[in-house]
Number of protein chains: 2
Amino acid sequence: MKTHKVKIGNLPIGGGAPVAVQTMWKDPLTRNLQPVIDQLSRLKQVGCAFVRFAVPNEDAANLLIELSQKSPLPLVADIHYDYRLALQCIHGGIDKIRINPGNIGARWKVEEVIRAAADTLVPIRVGVNSGSLPKELRQEPDISRAMVTAAEREMDAFQQLNYESIVFSLKASDINTTVHANELFAEKYPYPLHLGVTEAGPLIPGVVKSSVAMVKLLEKGIGDTLRVSLSDTPVNEVITGQEILGAAGMGINRPAIISCPRCGRATFDTHSFVEKLAPVLYGLEKNITVAIMGCVVNGPGEARHADLGITGAGKEIILFKNGEILRKVKEAEAFEAFVEELEKL
Amino acid sequence: MKTHKVKIGNLPIGGGAPVAVQTMWKDPLTRNLQPVIDQLSRLKQVGCAFVRFAVPNEDAANLLIELSQKSPLPLVADIHYDYRLALQCIHGGIDKIRINPGNIGARWKVEEVIRAAADTLVPIRVGVNSGSLPKELRQEPDISRAMVTAAEREMDAFQQLNYESIVFSLKASDINTTVHANELFAEKYPYPLHLGVTEAGPLIPGVVKSSVAMVKLLEKGIGDTLRVSLSDTPVNEVITGQEILGAAGMGINRPAIISCPRCGRATFDTHSFVEKLAPVLYGLEKNITVAIMGCVVNGPGEARHADLGITGAGKEIILFKNGEILRKVKEAEAFEAFVEELEKL
C-alpha cells in the first residue's frame, strides 16, 4: 500500500519517494552554531536528508530556529513534555516536529500543536517506543500489537482535526518486536513510517540489529524514512543507513565498497587505505563498485567486476579497472592515484 | 536437513551443534608468538571458537604448527597453490585445513591431501568464492548456481575417496548471490556450511552485508559456522558474529546491550561509558540485558526490562535493576559501581 506523502521543507517523505536517511544531533546546542552547520554539511555529503534535534527548553528552541535559517538540511524538533516548545518551533519555521503525545499531557495541548502545524503544513511525527507505552498497555502479551494500539490512540486527535501530514514510528530495542509492529501498522494505515530500532546499542550491535530489522521491512516495501540509532557519531548513523538501503536493493548513486579483510598473505595495508578512503567514497554520488584488496590471491581476480580497484602484488601496488591492470604505483602515491582515477569514473 | 558432524580438535561443527564463530588472523606470523597467543585468548574470551591463518610458505607452516601447540583455540591452515603445505600442516597436527582445490592443481595432489587428512580425521574446508570461479563457469547467467557447480566438482574427489569430514563455503561479496548459493547447496548436500560474505568491506558496510545475509540463512537453519570478513580487527569480526547469532535468535549466554544514541537531553556520556564497558561485557558468559541510557526521558523507564542499567538524571547517575532504582553514584565512580553490580548478577 502506498503511503501518504508529506513534505519536510522541500523533501517529500512517503507516497513512493525514495527512503530518506536521517539522523539525530547528539549534543546540546550552544551559541557557537558554525561547527554545527559545518557538520550538517558533512552529513548532507554522506547522504543525510534531514536532522533531528532535542528541544528540552526555550533556549534550545531559539537556537534551533536560528540554526534552521542557516542549515543546509531541513531540521526536526524533538519535543517531550512541553507543548509550548512545539508551538514555538512551528512558528519559528522548523520543518518537522516530533512529539510523544503520551507525555505532552492533556488532549487540548496536543490539539493546539496540531492546529499550529496545520497552518503551515509542518508534518508531525508521532513516535511510539515499546519502552514508554502507556501503563495499561504494558501488560499486553503481544507488545507489537500494544505499540500499534498506542499509535492508534494518538491518531485519533489528528483524525478528528482532519490533519494528515503525519508520520508514525514504532520502535523497540528488539528486532522482532520492531518488525512485527511496523508490519501490523503498515497493513492498516496509509501514514508514512519512520523506521528505527531504539537504543540499538554501540556501533556493532546497533548496526547488526538495525540492518536485520530494517532490511526485513524495506524488502516488504515498508518504511519511508529511517534513522539508525547508535551510541556512535551521526556520520556513522547515516553511513549505516545508506548501507542498509544498499543491502535492501535501494541504494541509489552511492559507491559500493568491497575490500578484503587482509590476512597473512597481504602485502598492502588495506585497513588504513580503506579508512583514509571512506570519507572520500561516502561523499561521492556515483553508482560504482570500488575494490580494495590485499594480495594477488584475491585481487584483481576476485574483484574483476569492480569499476576501480587497487591491490598489493608483492612489493608493487596495482590499480585495476574492470579486471584490467591500469597501472602500477608506489605505496606512497597509491592514495592520490586512486582518488585521481576515481574522479575520472 | 541436519548436516554431518565434523570435529575441529574437540569442537563439533554441524549435526546440530551450536553455530561456531570463527575469525582469521590478519598478519604474517613471526617467531614472536606470545602476542599472538595473548590475542587468541582475548578472541576466545569474546566467543571465538577457532581461528584461521594464511599459510603461504613452509616457514609459515612451521610457525603455525608451533603456535598450535600453545594455542588456547583450535587453528585452521588456509592454503592456496601448494599441496605440500597442506600435508605439512596435517602431519604437524593442525586441526583443520582450508584449501581451494581449484588452485591446488592436479587431481592427484588434492587426493594426497585428502588421504593425509583421512589418517587423522582432520576436516577440510572447500572454499568456493564467486570471484575465483573456474573460467568456464564465470559466464553462467546464475552465479549462485555456478558456485554450487564449482563446489560439486570439488566434492567428487572427496566422494571417490569416501572422505566425509568436509565443510563447504560458498561466498560472494553480494548478499543475494551468497544467500542463494548457500540455499541451493543446503537443499542438496548434507555437508556443514561455513557462512561468509567475502570482501564485505570496512566495518559498517561489512557488518550490514554480513548481518543481512547470515541472518537470512541462519533463520532457515542454514549454517554451521560463520566468519564475518571485515577490513577491521579479528575481535570486531567475532563480536559481529556473536551479534549476528543473537539477531538470528541463537545468541547463547552473551549479554545483550541496549544503549541510547545520546541526544541534546543527555546528561551522561553514554558513548564513552559504552566504549569502556564493551570489553567487559563481551567477555561475560551471562544471558542478561544491560542498558546504558543518557537521560530520564528514556531510562530507566524504556529500559525497565534490563537486568542492569545506568542512566544520567540531571547531575546524578542512577543504577537500576529490572526498572527499580538500585543506587545513585557520582560520575567518577559509575564505571566501577556498574561492573560491581554486573558481577553480582
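Residues numbered from 1 in each chain as written. Chains lettered and ligands numbered in written order. Predicted model: local features only at pLDDT ≥ 70, side-chain atom pairs only at ≥ 80, totals over all residues. Heavy atoms only, no water.

Participant: With reference to specific residues and values, describe the relation of the copies chain A and chain B.
Facilitator: Note on the identical chains: chain A maps onto chain B by a rotation of 180° and an axial translation of 0.0 Å, with an RMSD of 0.0 Å. Both chain copies can therefore be described as sitting about a two-fold axis. Within chain A, A:Val212 has its C-alpha nearest the rotation axis, a separation of 2.7 Å. Taken together, the interface assignments show that 100% of the residues at the interface of chain A recur at the interface of chain B, consistent with an identical surface on both copies. (Least-squares fit on C-alpha atoms with pLDDT ≥ 70 in both. Contact = heavy atoms within 4.5 Å.)

Participant: An account of unusual backbone geometry is needed here, citing residue identities and associated values.
Facilitator: Both trends apply: most residues other than glycine have a negative phi, and most peptide bonds are in trans. Of note in the backbone geometry, A:Tyr81 takes a positive phi value of approximately 70° without being a glycine. Structurally, A:Tyr81 is set in the loop between strand 5 (75-79) and helix 3 (83-91). A:Tyr81 sits in the partly exposed class, given a relative accessible area of 48%. The backbone of B:Asn162 shows a phi angle near 60°, a positive value even though the residue is not glycine. Examined against the element boundaries, B:Asn162 turns out to sit in the loop between helix 5 (143-160) and strand 8 (166-171). For B:Asn162, a relative accessible area of 64% translates into the label exposed. (Helix = DSSP H or I, 4+ residues; strand = E, 2+ residues; numbered from the N terminus. Buried < 20%, exposed > 50% of the residue type's maximum accessible area, 1.4 Å probe, protein only.)

Participant: So, the domain arrangement of chain A: which residues are in play, and what are the values?
Facilitator: Along its sequence, chain A is carved into domain 1 (6-247) and domain 2 (256-344). Distance from the C-alpha centre of domain 1 of chain A to the C-alpha centre of domain 2 of chain A: 38 Å. (Domains from an automatic or database assignment.)

Participant: So what about helix 1 (residues 34-45) of chain A? Which residues, and what values?
Facilitator: Residue and element names in this part refer to chain A. With twelve residues, helix 1 should reach 16 Å at 1.5 Å per residue; the first-to-last C-alpha distance of 17 Å fits that figure. Listing the buried residues of helix 1 in full gives Val 36, Ile 37, Leu 40 and Leu 43. Projected down its long axis, helix 1 shows its buried positions confined to an angular sector of 115°, all on one face. Turning to helix 1, the residues buried within the fold contact strand 3 (20-24), strand 4 (50-54), helix 2 (58-68), strand 5 and helix 8 (234-247). Gly 47 lies just past helix 1 and shows a positive phi near 105°. (Expected span 1.5 Å × (residues − 1). Arc of directions from axis to C-beta.)

Participant: Give me the lowdown on the confidence of the model for chain A, citing residues and values where you can.
Facilitator: Summary statistics for chain A give a mean pLDDT of 92 and a share of 99% for residues scoring 70 or more. Interface scoring of the predicted complex returns ipTM 0.92; its pTM is 0.92. (pLDDT = per-residue confidence, 0-100.)

Participant: Can you tell me about the packing of aromatic side chains, naming the residues and giving the values?
Facilitator: Residue and element names in this part refer to chain A. Under the defined criterion, the tally for this structure stands at 16 aromatic pairs over all chains. Note on Tyr 83 and Trp 108: the rings are 5.4 Å apart at their centroids and 75° apart in plane angle, and the pair reads as edge-to-face. Pair noted here: Tyr 83 is in helix 3 and Trp 108 is in helix 4 (residues 107-120), with a separation of 25 residues, a long-range link. Ring centres of Phe 273 and Phe 338 lie 5.6 Å apart, and the angle between their planes is 90°; this geometry places the pair in the edge-to-face category. (Phe/Tyr/Trp six-rings, centres within 6.5 Å; stacked < 30°, edge-to-face > 60°.)

Participant: Which residues make up the sheet that holds strand 7 (residues 124-129) of chain A, and what are the values?
Facilitator: Read from one edge to the other, the open sheet built from eight strands follows the order 8-7-6-5-4-3-10-9 (chain A), with strand pairing classed as parallel. This sheet does not close on itself; its edge strands, each paired only once, are strand 8 (166-171) and strand 9 (194-195) of chain A. (Pairing = 2+ DSSP bridges.)

Participant: Before we move on, can you summarise the pattern of salt bridges with the specific residues and values?
Facilitator: Residues and elements named next belong to chain A. Applying the stated criterion across every chain, the model contains 40 salt bridges over all chains. For the salt bridge of Arg 327 with Glu 340, the shortest nitrogen-to-oxygen distance reads 3.4 Å. Placement of the pair is Arg 327 in strand 15 (residues 324-329) and Glu 340 in helix 10 (residues 331-344), with a sequence separation of 13 residues. When its relative accessible area of 30% is taken as the criterion, Arg 327 is described as partly exposed. Using a relative accessible area of 41% as the deciding quantity, one classes Glu 340 as partly exposed. Members of the salt-bridge network, linked through shared partners, are Arg 107, Glu 111, Arg 115 and Asp 156. (Salt bridge = Lys/Arg side-chain N within 4 Å of Asp/Glu carboxyl O.)

Participant: Residues and numbers for the packing of helix 2 of chain A against helix 3 of chain A, please.
Facilitator: Residue and element names in this part refer to chain A. In the contact formed by helix 2 and helix 3, the axes pass within 10 Å of each other and the chain directions differ by 15°. On the basis of the axis angle, helix 2 is roughly parallel to helix 3. Seen along the crossing, helix 2 lies across helix 3 with a hand that is right-handed. For the pair helix 2 and helix 3, contact is made by Glu 58, Ala 61, Asn 62 and Ile 65 and by Leu 85, Gln 88 and Cys 89, respectively. Here the contact of helix 2 with helix 3 is built from residues that sort into four nonpolar, two polar and one charged. (Axes fitted to C-alpha atoms, helices over the stretch in contact; angles between N-to-C directions. Parallel < 35°, antiparallel > 145°, perpendicular 65-115°, else oblique. Left-handed = near helix turned anticlockwise from the far one by under 90°. Nonpolar A, V, L, I, M, F, W, Y, C, P; charged D, E, K, R; others polar.)

Participant: How would you summarise the interface of chain A and chain B if you had to cite specific residues and measurements?
Facilitator: Facing the 63 residues of chain A at the interface are 63 residues of chain B. Taking both partners together, chain A and chain B bury about 5,000 Å²; carbon and sulfur atoms supply 59% of that area. Among the residues chain A hides against chain B, the three largest losses belong to A:Glu199, A:Ile204 and A:Glu302. Together they make up 14% of the total. Joining chain A to chain B, the criterion identifies two salt bridges. Residue B:Lys216 pairs with A:Glu219 through a salt bridge whose shortest N-O separation is 2.8 Å. Run the count over chain A and chain B and you get 14 residue pairs in polar contact (both at pLDDT 80 or more). At the level of elements, helix 7 (203-219), helix 8, strand 11 (256-259) and helix 9 (270-282) of chain A are the ones that each hand at least two residues to the side of chain A that touches chain B. For the side of chain A that touches chain B, the element with the highest residue contribution is helix 7 of chain A, accounting for eleven residues. (Buried area = accessible area lost by both parts, 1.4 Å probe. Polar contact = N/O pair within 3.5 Å; in protein donor to acceptor, adjacent residues only side chain to side chain.)

Participant: Account for the sheet that holds strand 15 (residues 324-329) of chain B, with residues named and values stated.
Facilitator: All names here are of chain B. Across the sheet, which stays open at both edges, the five strands sit in the order 11-12-13-14-15 with mixed pairing between neighbours. The sheet is open, and its two borders are formed by strand 11 (256-259) and strand 15, each paired with just one other strand. Between one strand and the next, the sheet's axes are offset by a mean angle of 20°, whatever the strand orientation. Across four bridges, the pairing between strand 12 (residues 289-293) and strand 13 (residues 308-313) is parallel. Of the residues in strand 13, the one forming a bridge with Ile 292 is Ile 310. Contacting strand 11, strand 12 and strand 13, helix 9 (residues 270-282) runs over the sheet at an angle of about 160° to strand 12. Against the sheet, helix 10 (residues 331-344) engages strand 12, strand 13, strand 14 (316-321) and strand 15, with an angle of about 140° to strand 15.

Participant: Outline helix 4 (residues 107-120) of chain B, supporting the account with residue identities and numerical values.
Facilitator: Residues and elements named next belong to chain B. Along its 14 residues, helix 4 runs 21 Å from first to last C-alpha, staying within 8% of the 20 Å computed at 1.5 Å per residue. Taken together, the buried positions of helix 4 are occupied by Val 110, Glu 111, Val 113, Ile 114, Ala 116 and Ala 117. On its buried face, helix 4 sits against helix 3 (83-91), strand 6 (96-99), strand 7 (124-129) and helix 5. Looking one or two residues beyond helix 4, the residue adopting positive phi is Leu 121, at roughly 55°.

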